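If you want the building blocks of each chain, they are given just below.
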Amino acid sequence: VMAAQFAIGLEPFGASIYTAKLVSLGIVRGLGPVLTALLVGGRVGAGFTAELGSMAVTEQIDAIRCLGANPIRKLVMPRVVAMTLILPLLTVLADVIGCFGGGLITMLQVDVTSKYVLDQMMDTIGPEDLLHGLMKSMFFGYFIAIISCWIGMNIRGGAEAVGKATT
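Residues numbered from 1 in each chain as written. Predicted model: local features only at pLDDT ≥ 70, side-chain atom pairs only at ≥ 80, totals over all residues. Heavy atoms only, no water.

Asker: How should I be thinking about the overall build of the chain in this particular structure?
Answerer: Across its full length, the chain carries seven helices and zero strands. Written out in order from the N terminus, the α and β elements of the chain read α-α-α-α-α-α-α. A compact globule built from 167 residues would reach a C-alpha radius of gyration of about 15 Å, whereas the chain, at 21 Å, exceeds it by more than 25%. Oriented by its inertia axes, the alpha-carbon framework of the chain measures out at about 70 × 30 × 20 Å. (Helix = DSSP H or I, 4+ residues; strand = E, 2+ residues; numbered from the N terminus. Rg over C-alpha atoms; globule rule 2.2 N^0.38 Å.)

Asker: Looking at this structure, how should I read the packing of helix 4 (residues 71–110) against helix 6 (residues 127–153)?
Answerer: Each packed pair of helices is defined by two parameters, the angle between the axes and the distance between the axes. Where helix 4 contacts helix 6, the two axes come as close as 8 Å, and the packing angle between them is 145 degrees. Once helix 4 is placed against helix 6, the crossing between them reads as right-handed. Contact residues: helix 4 offers Pro71, Ile72, Val76, Arg79, Val80, Met83, Thr84, Leu87, Pro88, Thr91, Val92 and Asp95, while helix 6 offers Leu130, Leu134, Ser137, Met138, Phe140, Gly141, Tyr142, Ile144, Ala145, Ile146, Cys149 and Met153. When its residues are assigned to classes, the contact of helix 4 with helix 6 shows 18 nonpolar, four polar and two charged. (Axes fitted to C-alpha atoms, helices over the stretch in contact; angles between N-to-C directions. Left-handed = near helix turned anticlockwise from the far one by under 90°. Contact = heavy atoms within 4.5 Å. Nonpolar A, V, L, I, M, F, W, Y, C, P; charged D, E, K, R; others polar.)

Asker: Is there a simple way to think about the packing of helix 1 (residues 2–10) against helix 2 (residues 19–57) in this case?
Answerer: Closest axis-to-axis distance for the helix 1/helix 2 pair is 9 Å, and the angle between their directions is 140 degrees. Comparing their axes, helix 2 and helix 1 come out oblique. Between helix 1 and helix 2 lies a crossing of right-handed hand. Contact residues: Met2, Ala3, Phe6, Ala7 and Leu10 in helix 1; Thr19, Leu22, Val23, Gly26, Ile27 and Leu31 in helix 2. For the contact of helix 1 with helix 2, the residue count by class is nine nonpolar, two polar and no charged. (Parallel < 35°, antiparallel > 145°, perpendicular 65-115°, else oblique.)

Asker: Before we go on, may I ask you to explain the packing of aromatic side chains in this structure?
Answerer: For any two aromatic rings, the description comes down to two numbers: the centre-to-centre distance and the angle of the planes. Counted by the stated rule, this structure contains one aromatic pair. Between Tyr142 and Phe143 the ring centres are 5.2 Å apart and the planes differ by 80 degrees, which places this aromatic pair in the edge-to-face class. Residue classification places Tyr142 among the partly exposed positions, given a relative accessible area of 35%. Look at Phe143 and you get partly exposed, because its relative accessible area is 45%. Over the ring of Phe48 we find Arg79; its NZ or CZ atom is 5.7 Å from the centre of that ring. (Phe/Tyr/Trp six-rings, centres within 6.5 Å; stacked < 30°, edge-to-face > 60°. Buried < 20%, exposed > 50% of the residue type's maximum accessible area, 1.4 Å probe, protein only. Lys NZ or Arg CZ within 6 Å of the ring centre and 35° of its normal.)

Asker: Looking at this structure, how should I read the nonpolar core?
Answerer: Leu52, Met55, Ile61, Leu75 and Met83 are the most contacted members of the largest nonpolar core, which totals 17 residues. Elements with a contribution of two residues or more to this core: helix 2, helix 3 (60–66), helix 4 and helix 6. It is helix 2 that provides the largest number of residues to this core, a total of six residues. When neighbours within four sequence positions are excluded, Met55 is seen to be in contact with Gln60, Ile61, Ile64 and Leu75. Of all hydrophobic cores here, the second largest spans eight residues; its members include Ala3, Val23, Val28 and Met121. (Core = buried A, V, L, I, M, F, W, Y, C linked by side-chain atoms within 4.5 Å.)

Asker: Mind showing me how you'd approach a nonpolar patch on the surface here?
Answerer: A surface patch of nonpolar side chains, about 810 Å² in accessible area, is lined by Ile72, Met77, Val81, Leu85, Ile86, Leu89, Leu90, Leu93 and Ile97. For Leu93, the position within the fold is in helix 4. (Patch = residues over 30% accessible without salt bridge, like charges linked within 9 Å, V, L, I, M, F, W, Y side chains within 5 Å. Areas by Shrake-Rupley, 256 points an atom, 1.4 Å probe, with all protein chains shown as cover. Salt bridge = Lys/Arg side-chain N within 4 Å of Asp/Glu carboxyl O.)

Asker: Explanation requested: the pattern of salt bridges in the structure shown.
Answerer: When charged atoms on two side chains of opposite charge get close, those side chains can pair. Applying the stated criterion to the full structure yields five salt bridges. Here Asp62 makes a salt bridge to Arg65, at a shortest N to O gap of 3.4 Å. With Asp62 and Arg65 both in helix 3, this residue pair falls three residues apart, about one helical turn. Residue Arg65 is classed as partly exposed on the basis of its relative accessible area of 46%. Two residues, Lys115 and Asp119, come together in a salt bridge whose shortest N-O distance is 2.9 Å. One end of the pair is Lys115 and the other is Asp119, both in helix 5 (residues 114–124) and four residues apart, which spans about a single turn.

Written as structure tokens, this is what we have:
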């Protein structure tokens, strides 16, 4: 969508050939990390909250404490580490797919070759752009996991409370 809108919007100025540059930079620095975090946060974050909330309501977390183990170390830390490491990998996948789709639309709308689009994207995206997006997604992953686990661990009540907290 972004590629189609840029191609149309830049055409009156004769700048539609720069669509690939704008799309790739927008995806790698902003849209890739944000949209990936939204999708993963909604799905996985809700799962973390529901799982830990069910454990809190059924007193399984209290049982872990009674056995002398630290529930934060056993239940929260693996989720936080996994989310912090995996979300950047998913972001790279989203970036590749987004840039491929944007390049395809650019080729169709602007009537340029695939080599031109690829060259434009490679000239535009530098290591600092990729690192910017990946660092952003690491922070997103950390905060999704921490917030979801915190809410899940602090649920009080019954199944209804778990459903409300998960939502």
